[in-house]
Amino acid sequence: MKQEQDRLQNKRTEGDINLTAARKEWHESITDLKTLKLLEKDARYFFHQALSTPCLDVLGSCKGAHIENISGTKYLDFHGNNVHQLGFSHPKLVQGLMEQLQGLSFSTRRYTNEPAIKFAEKLTSLLPSDLNRVLMTPNGSSAIGIALKLARAITGKFKVVSFWDSFHGASLDAISVGGEAVFREYMGPMMPGVERIPPPVTYRGIFEGNEAKCLEHLEYVFAKEGDIGAFIAETVRNTDVQLPSMEFWQEARALCDKYGVVLILDEIPIALGRTGKMFAFEHYGIEPDILCLGKGLGGGIFPQAAIVTRDRYNKFPDISLGHYTHEKSPLGAMAALTTLEILEQEKILHKVAGDSLIMCTAMTILKEKYELVGDVRGRGLLWGIELVTDRDTKEKAVQQAEKVMYDCLKNGLSFKVSAGNVLQLAPALTISRKELKEALLILENALDSVND
């Protein structure tokens, strides 16, 4: 019985709570007839899958920090699938895309276009040293695939080290290197040569608070295998918000150099200001060999991702590393270029630095006020609140996390629950201070109701 409970608990990755009694109660509370009819049609025509089916609601519009359903209820969106660095429907981005549609709407392969060139030029201008070579791709999983292929070409080695509990995308190659076992169920055999190690964490886990042991394990695998080509990792783990120290990343970078391993940093959900820097690795004084970007790169409107790598790796003209139909999409490039320009012009990174202080203070108060809060972690506008039934045993407060989430939803705040018990808070970077404080009050009231 205990083993089965542990197995089911391990399947809770990004808040797989959509088949619980609370979800059923939420659905039964919907009274809008059009919404009910559309949810029924959605369930009828779309393929059902974990983490996203059945749907919570039917959206009609989105703007700024809010999403709005078809009956007029607004939610402050602290999830946003990590695409809403600019908020939703940023007017400058909408205008730029409309103008692009009137001219070049598609770029046939073997041709280039000015928006794509301007985007690549702008992106590389923001990166250090010789990180000057770009490949564009429609989604993050594809960017991970390109990075893995490029690492093989560079080193002549196919083996990869990654972390348990990491997420790098949902395609077959991405789940092969990812660390969430639930994504690999029924999918074997996987891509061979993947060695996973436990991640460095400050709360819970094998290496809890002991990054030195994690680094020791990493070097042990590098040395023992002897033919590792790449180390792929999230610079900061997004879903349950894990932040390694500067010392960890600097030593990990040094180990990659020592053993000739390509360092691939997956910043698909966390770059572009989410942590207060344009790129999360800037907090750590290191550089990746390959950087993967996506999600918010398209400004929350257009699907766009990319990899950036070093000039010296630009030596494989005989290999199709990407070769995607929309590889140099004028619309995607315009969206990405405009996103980078807006982040700079509106001084959003400076704003996030101030918001981070507000969040840090609020999170500290919540931890002091509620025994249910075992840990808070975060930087910029990416925060995780880990709920536990007992601070000593750190037993996950799964049911309580679900109750908090639904209480917040009823009062206009949407976020996701990760790892079964971590409230992940990731608002639009453009959120106003008033909206931010409104969301924090909704959250505090929900914790009050569960704590009673």
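Up top you'll find the structure we're talking about.
This structure is a prediction, so every number in the text was calculated from the model and none was measured.

Draft legend 1. Highlighting the pattern of salt bridges. Under the defined criterion, the tally for this structure stands at 26 salt bridges. Across the salt bridge formed by D311 and R133, the nearest N and O atoms sit 3.1 Å from each other. One end of the pair, D311, is in the loop between β10 (305-310) and α10 (330-345); the other, R133, is in strand β4 (residues 131-137), and 178 residues separate them in sequence. A salt bridge links R204 to E386; the shortest N-O distance between them is 2.7 Å. Remark: E386 occurs in strand β12 (residues 382-387) and R204 occurs in the loop between β6 (194-197) and α8 (211-225); sequence separation between them is 182 residues. Using a relative accessible area of 23% as the deciding quantity, one classes R204 as partly exposed.

Draft legend 2. Main features of the sheet that holds β4. Strands sit in the order β4-β10-β9-β8-β7-β5-β6 across an open sheet of seven strands; the sheet is mixed. Looking at the sheet topology across the chains shown, the edges are occupied by β4 and β6. Between one strand axis and the next, the sheet turns by 20 degrees as a mean value, whatever way the strands run. Sheet analysis places strand β9 (residues 290-293) next to β10, joined by four bridges and oriented antiparallel. Residue pairing across strands places L293 opposite A306, the latter belonging to β10. Lying over the sheet, helix α5 (residues 114-125) contacts β4, β9 and β10, oriented at roughly 135 degrees with respect to β4. On top of the sheet, α8 reaches β5 (159-163), β6 and β7 (228-234); it is set at about 160 degrees to β6, its chief contact.

Draft legend 3. Just the sheet that holds strand β1 (residues 59-63), in detail. The four strands lie next to each other as β1-β2-β3-β13, forming an open sheet whose pairing is mixed. The open sheet terminates on both sides in strands that have one partner only, identified here as β1 and β13 (413-414).

Draft legend 4. Geometry of unusual backbone geometry. The step from T53 to P54 runs through a cis peptide bond, and the omega angle for that step is 0 degrees. In this structure, P54 sits in the loop between α3 (33-45) and β1. The omega torsion of the bond from G188 to P189 falls at 0 degrees, within 30 degrees of zero and hence cis. Tracing the chain through its elements places P189 in the loop between α7 (172-177) and β6. One non-glycine residue, Y186, adopts positive backbone phi at about 70 degrees. By the secondary structure assignment, Y186 is in the loop between α7 and β6. The exposure class assigned to Y186 is exposed, which follows from its relative accessible area of 76%. Phi at K347 is positive, roughly 50 degrees, even though this residue is not glycine. With respect to the helices, strands and loops of the structure, K347 is situated in the loop between α10 and α11 (348-369).

Draft legend 5. Local environment of the environment of S129. With respect to the secondary-structure elements, S129 resides in the loop between α5 and β4. A relative accessible area of 48% means that S129 is categorised as partly exposed. Put simply, S129 and D448 are 319 residues apart on the chain and 50 Å apart in space, counted from C-alpha to C-alpha. Dropping the residues within four chain positions of it, S129 is found in contact with E287 and R310. Engagement of the side chain of S129 in a polar contact is seen with the side chain of D130, the distance being 3.5 Å.

Draft legend 6. Highlighting helix α4 (residues 91-101). Taken as a whole, α4 has its buried residues at L93, G96, L97 and Q100. Taken down its axis, α4 places every buried residue within 95 degrees of arc, on the same side. Among the exposed residues of α4, those oriented more than 90 degrees off its buried face are P91 and E99. On its buried side, α4 packs onto α5 and α10.

Draft legend 7. Spatial organisation of the packing of aromatic side chains. Scanning all chains against the criterion turns up nine aromatic pairs. Centroid distance F222 to F231: 6.3 Å. Interplanar angle 75 degrees. Geometry classified as edge-to-face. Classification of F222 as buried rests on a relative accessible area of 2%. Ring geometry for F231 against W249: centres 6.2 Å apart, planes inclined by 35 degrees, an arrangement best described as tilted. Placement of F231 in strand β7 and of W249 in helix α9 (residues 246-259) is noted, with a sequence separation of 18 residues between them. Pairwise contacts between aromatic rings join F163, F222, F231, F248, W249 and Y259 into one cluster.

Criteria and cut-off values
- Chains are numbered independently. Their residues run from 1 in the order of the written sequence.
- Local features are withheld for residues below a pLDDT of 70 in this predicted model, meaning they are given only at 70 or higher, and side-chain atom pairs are given and counted only at 80 or more; totals for whole chains, interfaces and linings count all residues.
- Remark: hydrogens and water are excluded; side-chain values derive from all non-hydrogen atoms of the structure.
- Take a side-chain nitrogen of Lys or Arg and a carboxyl oxygen of Asp or Glu: if they are within 4 Å of each other, that pair is a salt bridge.
- By definition, any uninterrupted DSSP run of H or I lasting at least four residues is a helix, any uninterrupted run of E lasting at least two residues is a strand, and each is numbered from the N terminus.
- Buried, partly exposed and exposed residues are distinguished by accessible area as a fraction of the type maximum, computed with a 1.4 Å probe on protein chains only: under 20%, between the cut-offs, and over 50%, respectively.
- Here, a strand pair is defined by DSSP locating no fewer than two bridges between the strands.
- Axis definition: a line fitted to C-alpha atoms, over the contacting stretch in the case of helices. Angles run 0 to 180 degrees between N-to-C directions.
- Whether two residues are in contact is decided by their heavy atoms: any pair within 4.5 Å suffices.
- Nitrogen and oxygen atoms within 3.5 Å of one another constitute a polar contact, given that in protein one can donate a hydrogen and the other can accept it, and given that sequence-neighbouring residues count only through two side-chain atoms.
- Throughout, the arc means that of the directions going from the helix axis to the C-beta atoms.
- Pairing of aromatic rings covers Phe, Tyr and Trp, the last counted by its six-membered ring, and requires centre-to-centre distances within 6.5 Å; plane angles under 30 degrees mean stacked, over 60 mean edge-to-face, and any other angle means tilted.

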